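Remarks on the overall topology
Spelled out, the chains give:
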Amino acid sequence: MMGLHIPTGFFPDLLAGMVVNFEIAAIALLFGLALGGLLALGRLTGGVVGAIATALIGLMRAAPTFVVMFFLLNIIPRDAMLFGVGVSPSPLMIVALSLVPYSASYVADNGAESLKQLRAGSPLGALQFLPNVTRAFFVLVMSSSAGAAIGVTEGIAVILREAVLLPALGDKLVLFAIGILFFGVTLQAGFALMRLLQRHLGRFATRNSAAP
Amino acid sequence: MRAWRTLLLALLGILGGAVATFPLAVNAETPDAALAKLLEGARAEAAVPGACTAAHLDRLVQIFCEKRLRAGIREYYPLFGAREGEARSGYDVDVGRAVAKHLGVEPVFTRVNAASRIPLLAEDRIDLAIATMGHNTQRDGQVRFIRPHYYQSETTVVGPRALAVKGWPDVAGRTICVTIGNGSNAQIISHNVRLMLFDEAGVLPDRLKDDTCTLAAQDDSFFAYYFTHPDFAKNYEQKFGFAQVPWGMAVARTGSDQLARALDLTSQIFHRDGVFLGIARGNSVGLGFLERQQAVWKRPECNTDTGSTNPACVLPALDAALQPTPFAGRATAIEDWVEARTGVDFSLPMFKTMPAWSLFKDGIVNSLILVAGALAATLLFALVLGALQSSRRFLLRWPARAGSIVLQSSPVVLTLVIAAAVAQAFFHYSSAVAIGAAIVALGLMNGSNAGQAIAEAMHTLRAERGSAQGTGGIPTTELFGRAVSRSATQIVSFLINAAKGTPIASFIGAPELLSALTDITSFASGRATTYTLLLVFYVAVVVVVVWLCDRFRSWLEHRQAAA
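Residues numbered from 1 in each chain as written. Chains lettered and ligands numbered in written order. Predicted model: local features only at pLDDT ≥ 70, side-chain atom pairs only at ≥ 80, totals over all residues.

**Some details on the confidence of the model for chain A**
When pLDDT is averaged across chain A, the result is 86; 94% of the residues are at 70 or more. Of all helices and strands in chain A, the one with the weakest mean pLDDT is strand β1 (residues 81-82) of chain A (74), whereas helix α1 (residues 10-45) of chain A scores best (94). (pLDDT = per-residue confidence, 0-100. Helix = DSSP H or I, 4+ residues; strand = E, 2+ residues; numbered from the N terminus.)

The structure is reproduced here in structure tokens:
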């Protein structure tokens, strides 16, 4: 461990890799909001549409992200075309798409709950959707590390690339600790932001209800 | 006089008998003489008026009729077959030129690739393929390979110079980038190596450079070109090689008997006289195999007209055939049935060969072990960490809380890698160790969250009822039981999460179903069907786990209600 030498470019690379994690999470959440929103509306509609939406949400909840990622990677042809335009997704996009079942089912569950709250006359309850989505975003950031398995150069891939060159377990553990610190600070900051948002919304709702 | 004649006849008879008894000693010819005789006969046949228009001519005679040798060569295989404008270069190209010169005809080159080289021979559009073609038993049924082989490649593992890798023990548990369909993938898998699959070999050097791949495996003939680049050679090296495959020139199986024989003899002569070696030097390709072959073909027992059929001199073809399963026929019938009715290219590679079937079965069993283990470990760590975080003792409570925060802050892939690295420090790497490490990692990750939920429930219960035994409250163990019941929803949620997370164990080499199917698709076709089945399997497993967990939650909640 005394001889641990971290190359100069490691920290910039790690930060650049973490930007990729955020990028993946943002794409997954955007798709999730669109799809999950539709599913939430569908579920609340009831009847056949509601049953189909509920079944789809259940299936998406059950689909393991890592398997979905390999499924998409192998099922979409490299030369896939749509209206003459190449639509084969990049590895980064495949990771993002693999997270969509999780984000969409999460958005559908929370979205349906928020809509119920709104219909029941509780805007504060409905606004809980925002901190919940923030929580989902940071869970997606952490989950996007699965991209390392298919060659996406995100934060964890940068750490593993350095670790593989270190022969001693102690040195590797120091490097891993740096990774946990970087991701941990990000995650905890995200959760702090979520709590702040919850408090702010609470005060906002209290002020509104107190107003004449 | 008659007596002398009788004696002379008797002596001739004895001499004749001796010749008949030791035919090799007397009849053995040099390959040069045998070739000269064969070529002379073919030339004479070609020179007969009207002979060249006759049907069923041997291709050797046809070559003399047309005074040209049609050779199929590659155009995008650096060092072996390359083309810039009209200029062709490479080892295969120069071998084609040397063969044509030896026959006294002009070479005419036709571009071939891996898919077209055999059909072009069968369609009589080329006389000879010199196209980096490995000689294996499967191809023996499609073309006639020329022996001795004109080159030999092996699969080489390439990686950064700074990485200490010398052999198989050093790569167990690591990921190696390979191309789909590479014949040596099955051998790589057998050494507990994970594969990252790519469609084209051409991307491997770039993926090494951008650090997507730490190690890559491909033909040494492929990497030879990249090692001529100073930048690449400075940073990367060949770690070790395996799966040697002899390369053969090839002719069509029918109508090429004399041509094949002539080329066998030519190849012998080229090895013995160092012609192949000289061409290889001129093209900067590896010389090891050719140097060894020169020594072989200089040996008296090999340097004969029968040397190319002598097992002591020639190399065997690589046995690439995979043993079929007893139900391979039924699997094919199902594939055909589905394709005929739906038009979907349906493939079941896991049911067709024994190595694939074995990987598939083991993958399912290991996945189920992993799921069961992850559920048990999650529950166990949840109870232990929940109890520690609920403790009134600072020295128990705070380390447990700190540990939970660290576990929650680590991305799942990193936690798995840490678990695998620690396990490898204590145990020799094996599939069981990888599965064990994955179970512990998944259990810790999910158990820490569930444990926190239990501790929070414990805190609320204490606040509601007062706690300590002997102060009028209820016993701590009973209170803890109620806390577990109260946090049932959270525990169940993390149990399901643990089950869903098990496929990621393949990242550290646990041979579960995802890993097994990735291995199968590396040497067999049918990726779409294979990964669809994989998705169905895991969704079904998670659905069952959800159902079981719901029953578990109901039991816990019923218990809480009763309390």
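**So, the confidence of the model for chain B**
Residues and elements named next belong to chain B. On average, chain B scores 88 in pLDDT, and the residues at 70 or more come to 93%. Every residue in residues 15-26 is under pLDDT 50, and counting partners more than four places away or in other chains gives one contact. Contacts for the low-pLDDT stretch residues 467-471, under 50 throughout, to residues beyond four places or in other chains number seven contacts. Scoring of the predicted complex yields 0.75 for pTM and 0.88 for ipTM. (Contact = placed C-beta atoms within 7 Å.)

**Quick look at the interface of chain B and chain A**
By a widely used convention, the size of an interface equals the accessible area lost when the partners come together. Contact with chain B, which involves 35 residues of that partner, is made by 36 residues of chain A. Considering each element in turn, the side of chain B that touches chain A owes the most residues, 10 residues, to helix α24 (residues 527-562) of chain B. When grouped by side-chain class, the residues that make up the side of chain B that touches chain A number 26 nonpolar, four polar and five charged. (Nonpolar A, V, L, I, M, F, W, Y, C, P; charged D, E, K, R; others polar.)

**A short note on the pairing of strand β10 (residues 194-198) of chain B**
Residue and element names in this part refer to chain B. Most of β10 is tucked away: four of the five residues are buried. Relative to β10, strand β9 (residues 175-179) runs parallel, the two sharing five bridges. Considered in β10, the bridge of V178 is made with L197. (Buried ≥ 20, exposed ≤ 12 C-beta atoms within 10 Å, placed from the backbone. Pairing = 2+ DSSP bridges.)

**A few points about the packing of helix α4 (residues 91-119) of chain A against helix α6 (residues 129-143) of chain A**
Residues and elements named next belong to chain A. For the pair α4 and α6, interaxial distance at closest approach is 10 Å and the crossing angle is 170 degrees. The pairing of α4 with α6 is recorded here as roughly antiparallel in orientation. The crossing of α4 and α6 is right-handed. Here L99, S103, Y106, V107, N110, G111 and S114 of α4 lie close against α6, whose contacting residues are F129, N132, V133, A136, L140 and S143. Across the contact of α4 with α6, the residue classes tally to seven nonpolar, six polar and no charged. (Axes fitted to C-alpha atoms, helices over the stretch in contact; angles between N-to-C directions. Parallel < 35°, antiparallel > 145°, perpendicular 65-115°, else oblique. Left-handed = near helix turned anticlockwise from the far one by under 90°.)

**Quick word on the sheet that holds strand β2 (residues 76-77) of chain B**
Sheet strands pair via backbone hydrogen bonds, and the direction of the pair is either parallel or antiparallel. Residues and elements named next belong to chain B. Pairing in this open sheet of three strands is antiparallel, and the strands run β2-β3-β4 from one edge to the other. Pairing within the sheet leaves two strands with one partner each, and these edge strands are β2 and β4 (87-89). Pairing geometry for strand β3 (residues 81-84) and β4, over three bridges, is antiparallel. When the sheet's bridge partners are listed, A82 is paired in β4 with S89.

**Considering unusual backbone geometry**
Residues and elements named next belong to chain B. Of note, the amide linkage connecting R147 to P148 takes the cis form, showing an omega dihedral of 5 degrees. For H56, which is not glycine, the phi torsion reads 60 degrees and is therefore positive. Counting through the fold element by element, H56 comes out in the loop between α3 (31-47) and α4 (59-66). Judged by local crowding, H56 falls into the exposed class, with 6 C-beta atoms found within 10 Å. Unusually for a residue other than glycine, D124 sits at a positive phi of about 60 degrees. With respect to the element layout, D124 can be found in the loop between α6 (117-122) and β6 (128-129).

**Focus on the nonpolar core**
The nonpolar side chains of soluble globular proteins are, as a tendency, buried together. All names here are of chain B. The biggest cluster of nonpolar side chains holds 210 residues, and the ones touching the most others in it are I176, L416 and A438. With 18 residues, the single largest contributor to this core is helix α20 (residues 431-465). Contacts of I176, omitting those with residues within four sequence positions, involve V157, V171, I188, V193, L195, L215, A216 and A217. (Core = buried A, V, L, I, M, F, W, Y, C linked by C-beta atoms within 7 Å.)

**Comments concerning helix α2 (residues 47-62) of chain A**
When the terminal C-alpha atoms of α2(A) are compared, their 23 Å separation across 16 residues agrees well with the 22 Å that a helix rising 1.5 Å per residue should span. Every buried residue belonging to α2(A) is among A53(A), I57(A), M60(A), R61(A) and A62(A), and all of these are buried. (Expected span 1.5 Å × (residues − 1).)

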